[in-house]
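Letter by letter, the chains look like this.
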2 protein chains.
Amino acid sequence: MPFPQLSACAAAPGVIRLVGHRGARGVLPENTIEGFEFALTSGLKLLELDVTATRDGVVVITHNHRLTRSMVRDATGHWLQGEEPKVSQLTYAELSEFDAGGLDGTTAYGQRFPDQSFMTGVAIPRLTDLLDLLRQREHQDVHLFLEIKSDPDLVQNSTARTALVEAVVAEVRAAHLEPRTILHSFDWTMLEDCQRIAPDMPTSFLTQLPENDDDIGEDSSKAVNPVEGCSAMDLPDRVAAAGGQLWCPYHLDVTEQSLARARELGLTTMVWTVNESDDIQRMITLGVDAICTDYPGRAQRLLLQQGLHWLPEAARSCVTTCA
Amino acid sequence: MPFPQLSACAAAPGVIRLVGHRGARGVLPENTIEGFEFALTSGLKLLELDVTATRDGVVVITHNHRLTRSMVRDATGHWLQGEEPKVSQLTYAELSEFDAGGLDGTTAYGQRFPDQSFMTGVAIPRLTDLLDLLRQREHQDVHLFLEIKSDPDLVQNSTARTALVEAVVAEVRAAHLEPRTILHSFDWTMLEDCQRIAPDMPTSFLTQLPENDDDIGEDSSKAVNPVEGCSAMDLPDRVAAAGGQLWCPYHLDVTEQSLARARELGLTTMVWTVNESDDIQRMITLGVDAICTDYPGRAQRLLLQQGLHWLPEAARSCVTTCA
């Protein structure tokens with residue numbers, strides 16, 4: 001059965017899709033409603049985000065399992081000191097005391113995004129906050145890459161894993177957004193759960209080969225990603241065998257051959273996180289389906305320069321045809 | 001009489017103000033409501049914008065006197081061809097047919113802002129659209145540098161000049177925003193009109209010395225700026241003699257001595273348009289009052305790195321003190 005969600009992220013003649021990574025991390029703090037709104041204002045129709053759950057079971061939008069001192073301030077406005085609290089050990093009320101509206105520029109992570117705006121008083125949002133936004137009429141053509149973060153401490157705990165998937169799926173269904181949601185993870189066991197619990201949503205398999213470095217200052221996903229010993233060329237077959245509809249490799253891992261193999265297998269290929277102009281250009285030249293980026297404007301402009309666009313003509317909101 | 005508007009743009013211990021240039025031109029198309037909203041979301045409290053009037057007397061927010069092919073598409077989505085229409089010769093209804101939501105990356109102007117998002121279906125806004133936004137409760141602490149563009153073809157036409165100032169001032173008064181508005185121009189004759197017509201709003205004198213180049217791809221303001229034969233050191237005295245409260249030099253024209261002289265004269269100094277990190281840093285080191293930039297995030301981050309902020313502590317919207 002073809003999934004309707006896939007038509008929103010597959011390439012087409014003249015079209016390579018753009019996905020706003022955690023909103024638009026190069027411009028505004030990641031995984032904030034402000035960042036998602038910016039990506040939508042910029043005309044993107046695909047958003048990527050990360051979710052996990054608080055101790056009291058609220059699904060929240062945040063990447064790392066612990067509140068991270070490079071990007072979280074306490075209620076008095078000071079960067080976190082001492083042990084970083086684990087999101088799963090805080091209630092949502094406790095979590096809401098923290099401010100995730102800016103980066104500490106003295107950290108390695110902060111230095112990666114020197115143009116990111118610095119806001120104050122921005123709580124980590126709930127998944128439902130974003131779903132509410134996307135239910136608005138003007139956003140009815142927006143689709144989500146909803147990444148479920150797998151806690152490396154609980155990777156063997158199938159009860160915890162299933163509970164998280166069930167909570168996420170329940171919220172998506174309550175908002176009636178399952179026709180616009182793609183379930184996305186580095187943890188392929190979690191994606192098996194997704195396929196069983198939500199067979200109407202496609203699964204998107206993230207991969208990162210061990211030889212490529214992790215991004216500085218972020219939780220690594222390698223611990224939960226079962227690609228040890230694989231080569232780039234093995235990955236599409238592994239994803240297809242696991243029942244995936246999308247393959248989402250780290251951009252440095254993609255080759256012309258592996259991309260061709262993914263296409264043969266009927267997989268949609270979305271690459272992450274592509275920020276430098278040369279890297280974006282390489283992905284355009286390779287002809288991936290979709291590019292996930294922290295800099296939507298930069299990627300839009302590179303596409304336009306080559307007569308390409310991130311949306312099919314009928315989906316561009318102008319009177320007739322757009323340049 | 002001290003103008004209350006000045007306290008919002010004067011430096012204070014630990015504080016150098018940031019002004020969003022045409023919104024945030026490095027990030028979103030200039031002089032659009034989307035760009036102004038982005039600057040406000042980023043926590044800026046000072047916006048700079050340019051106004052002129054249509055044939056039917058509607059005050060609109062746009063920089064150049066002619067719709068410019070590097071940044072304006074027609075109703076069919078194509079970049080302008082042939083003669084560029086003059087804003088003052090179009091009705092507002094005619095002007096609204098054009099799309100100012102993105103830059104043509106093949107032009108020199110477009111290449112200056114390679115990360116700017118590309119939107120579709122964005123009309124040139126009216127001044128009242130922005131004033132309506134700023135009347136909202138959450139924006140009640142935002143102030144405007146309202147630049148009135150002087151048409152070089154009409155520089156000798158005092159009737160036209162006065163009519164434009166009167167129209168602008170009437171709209172500001174109708175929105176009750178005169179306590180938050182600074183009238184800003186390169187045309188000092190126009191600023192005389194402003195002082196006469198609106199003695200309750202401070203006047204801000206833009207300067208650009210002839211030896212520094214114009215910004216590529218923009219209307220030059222040199223034709224209307226009476227600083228021929230001046231040196232940097234002369235400018236503050238000239239502004240004070242003309243009854244100005246603010247001096248707004250091109251950033252490359254400012255020196256330590258001229259800044260000290262401006263301070264002696266009681267002038268507030270706001271520099272434009274400062275985009276490169278090294279240039280922003282030079283302005284911070286000099287200790288100007290305010291920096292106008294296309295990249296608010298970059299400037300915020302540079303200030304924070306040095307323990308500075310763009311707002312006094314009491315104006316930062318967090319529970320107690322902010323980092």
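Residues numbered from 1 in each chain as written. Chains lettered and ligands numbered in written order. Predicted model: local features only at pLDDT ≥ 70, side-chain atom pairs only at ≥ 80, totals over all residues.

It is not clear to me how the overall build of chain A should be interpreted in this structure. Could you clarify?
Within chain A one finds 10 helices and nine strands. Whereas a compact globule of 323 residues would reach a radius of gyration of roughly 20 Å, chain A reaches 19 Å, a difference of no more than 12%. When the backbone C-alpha atoms are referred to their principal axes, chain A occupies close to 50 × 40 × 40 Å. In chain A, which comprises 323 residues, the share counted as buried stands at 52%. When contacts within chain A are restricted to residue pairs at least 6 apart in sequence, long-range pairs at least 24 apart make up 63% of them. (Helix = DSSP H or I, 4+ residues; strand = E, 2+ residues; numbered from the N terminus. Rg over C-alpha atoms; globule rule 2.2 N^0.38 Å. Buried ≥ 20, exposed ≤ 12 C-beta atoms within 10 Å, placed from the backbone. Contact = placed C-beta atoms within 7 Å.)

Please clarify how the relation of the copies chain A and chain B should be interpreted in this entry.
Look at the two chain copies: a rotation about an axis and a shift along it is all it takes to match them. Between the two copies, chain A and chain B, the superposition gives an RMSD of 0.0 Å; the rotation angle is 180° and the shift along the axis is 0.0 Å. Such a combination of turn and shift is consistent with a two-fold rotation axis. Both copies present the same face, since 100% of the interface residues in chain A are matched by interface residues at the equivalent positions in chain B. (Least-squares fit on C-alpha atoms with pLDDT ≥ 70 in both.)

Looking at this structure, I do not really get the pairing of strand β7 (residues 246-249) of chain B. What am I missing?
If a strand is regular, its side chains alternate between the two faces of the sheet. All names here are of chain B. Covered by surrounding structure in β7 are Leu246 and Cys248 together with Trp247 and Pro249, the residues of both alternating faces. Relative to β7, strand β6 (residues 203-207) is paired through four bridges, and the arrangement is parallel. From the neighbouring strand, Thr207 faces β7, where its bridge partner is Pro249. With respect to chirality, the unit in which β6 leads through helix α7 (residues 235-241) into the neighbouring parallel β7 is right-handed. In terms of strand pairing, β7 meets strand β8 (residues 268-271) through two bridges, oriented parallel. Among the inter-strand pairings, Leu246 is bridged to a residue of β8, identified as Thr268. (Pairing = 2+ DSSP bridges. Right-handed = clockwise from strand over helix to strand, strands pointing away.)

I keep staring at the interface of chain A and chain B and nothing clicks. Help me out?
You'll often see interface size given as the accessible area lost when the parts meet. Tallying the contact residues gives 38 residues for chain A and 38 residues for chain B. When contributions to the side of chain A that touches chain B are tallied by element, the ones reaching two or more residues are α1 (33-41) and α10 (296-305) of chain A. Sort the elements by how many residues they give to the side of chain A that touches chain B and α10 of chain A lands first, with seven residues. Looking at side-chain class alone, the side of chain A that touches chain B contains 14 nonpolar, 17 polar and seven charged residues. (Nonpolar A, V, L, I, M, F, W, Y, C, P; charged D, E, K, R; others polar.)

Got a minute to help me understand the packing of helix α9 (residues 277-286) of chain A against α10 of chain A in this structure?
When two helices pack together, their arrangement is given by the angle between the helix axes and the distance between those axes. Residues and elements named next belong to chain A. As a packed pair, α9 and α10 sit with axes 10 Å apart at the nearest point and diverge in direction by 50°. Relative to α10, α9 is oriented oblique. The interaxial crossing formed by α9 with α10 has right-handed handedness. On α10, the residues that touch Ser277, Ile280, Gln281 and Ile284 of α9 are Arg298, Ala299, Leu302 and Leu303. Classifying every residue of the contact of α9 with α10 by side-chain character gives five nonpolar, two polar and one charged. (Axes fitted to C-alpha atoms, helices over the stretch in contact; angles between N-to-C directions. Parallel < 35°, antiparallel > 145°, perpendicular 65-115°, else oblique. Left-handed = near helix turned anticlockwise from the far one by under 90°.)

I would appreciate a short explanation of unusual backbone geometry in the present structure.
Most of the time, phi is negative for any residue but glycine, and the peptide bond is trans. All names here are of chain B. If you check the backbone angles, Arg22 has positive phi at about 50° while not being a glycine. Residue position: Arg22 is located in the loop between β1 (17-21) and α1 (33-41). Assessed through the 25 C-beta atoms surrounding it within 10 Å, Arg22 is described here as buried. A positive phi angle, near 60°, is found at His176, a position not held by glycine. Positionally, His176 belongs in the loop between α5 (158-174) and β5 (181-185).

In this structure, what is going on with the pairing of strand β6 (residues 203-207) of chain A? I would like to understand it.
Residues and elements named next belong to chain A. Within β6, five of the five residues are buried, leaving the element largely enclosed by the surrounding structure. On β6, burial covers both faces: Thr203, Phe205 and Thr207 on one face and Ser204 and Leu206 on the other are all buried. One ladder, built from three bridges, connects strand β5 (residues 181-185) with β6; its direction is parallel. If you follow Leu183 over to β6, its bridge partner there is Thr203.

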